[in-house]
Amino acid sequence: MNSDTDFYNSLELSLKYAESLLEDAVSNSKSIFHSPTLSISDTPRTVVLREYDRNVRYMRFHTDLRSKKIHSLNENNLAFIHAYDPEKKVQLRLRGNVNLHHNDETSLLAWNNSREMSKLCYSVKGAPGEIITHPEKYDLDKEKINIEDGYQNFGVLIFKYYELEFLYLKNIGHRRSKFTWKDDKAELNWLIP
Ligand SMILES: Cc1cc2nc3c(=O)[nH]c(=O)nc-3n(C[C@H](O)[C@H](O)[C@H](O)COP(=O)(O)O)c2cc1C
């Protein structure tokens, strides 16, 4: 067994491995976990993982405030993250709460640290998901846009999880484990896969 699968029969190492995959994913755009699926009450969608902190179980995502998913948000919304890496044969499922930030310190810092290319899409005329007849009219021309104007449409979603489920597929025996935090104390359990 190589060091990558040392976690096979260890709950502690399974958790550490899951956390290291998420840590790597922030800056590694080739990682499957860089663009996981986020579900907030309704449809799932792909989002880019911008920041992750295993100690506070915190993830940061960016989004357009005009999107329908934002309209359905209240305080501490139940939310889920999911991703499966077919090469590593690892599925991660997280359950937690998401909170929206805009026009505050968190969103300003995230905006200021975003690249021009990332800022640009927040200047699209109109809300994501609106029905339109001429898509080409919504293409972005950098020359005609003040990229900084996009900030008014820019939102930050902070996801804090209290449950992480790890599934590792292996033909001789899969390994499924669940980590639950109550008052910052972690409970570690094996599950039947
Ligand atoms: C690779 C990839 C990365 C994406 N990253 C984000 C993202 O970081 N934030 C976001 O709001 N939408 C992102 N999207 C678009 C969403 O998946 C979705 O289409 C969009 O948010 C509109 O969905 P909604 O109307 O449910 O909000 C991404 C899509 C893809 C394919």
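Residue positions are given per chain, counting from 1 as you read along its sequence in written order. Local features are withheld for residues below a pLDDT of 70 in this predicted model, meaning they are given only at 70 or higher, and side-chain atom pairs are given and counted only at 80 or more; totals for whole chains, interfaces and linings count all residues. Here the side-chain values reflect all heavy atoms present in the structure, with hydrogen atoms and water set aside.

**Some thoughts on the overall build of the chain**
So, point 1. Counting its regular elements, the chain contains four helices and nine strands.
So, point 2. If one aligns the C-alpha atoms of the chain with their principal axes, the spans along those axes are about 55 × 35 × 30 Å.
So, point 3. Within the span of the chain, comprising 193 residues, buried residues form 42% of the whole.
So, point 4. A separation threshold of at least 6 residues defines the contact pool for the chain, and within that pool the share at least 24 residues apart is 62%.
So, point 5. With residues, only the protein chains shown are counted as cover, and all accessible areas are computed by Shrake-Rupley using a 1.4 Å probe. Total accessible area computed for the chain in this model is approximately 11500 Å², and 48% of it derives from carbon and sulfur atoms. Helix and strand definitions follow DSSP, with helices as H or I runs of at least four residues and strands as E runs of at least two, each counted in order from the N terminus. With a 1.4 Å probe rolled over the protein chains alone, any residue whose accessible area is under 20% of its type maximum counts as buried; one over 50% counts as exposed, and the rest are partly exposed. The contact criterion used throughout is that any non-hydrogen atoms of two residues lie within 4.5 Å.

**Comments concerning unusual backbone geometry**
So, point 1. Unusually for a residue other than glycine, N103 sits at a positive phi of about 55 degrees.
So, point 2. Relative accessible area serves as the criterion here: at 60%, N103 is assigned to the exposed category.
So, point 3. One non-glycine residue, D183, adopts positive backbone phi at about 50 degrees.
So, point 4. Tracing the backbone shows D183 in the loop between β8 (175-182) and β9 (185-191).

**Considerations on the pattern of salt bridges**
Any two side chains of opposite charge can pair, on the condition that their charged atoms come close.
So, point 1. Each reported salt bridge corresponds to a side-chain nitrogen of Lys or Arg within 4 Å of a carboxyl oxygen of Asp or Glu. Taken as a whole and judged by the stated rule, the model has 11 salt bridges.
So, point 2. Its salt-bridge partner being D64, residue R66 comes within 2.8 Å of it at the nearest N-O pair. The residues R66 and D64 share a single accessibility class, namely buried.
So, point 3. With a closest N to O distance of 3.8 Å, D141 and K144 form a salt bridge.
So, point 4. Each of E19, E23 and R54 takes part in a single network of salt bridges with overlapping partners.

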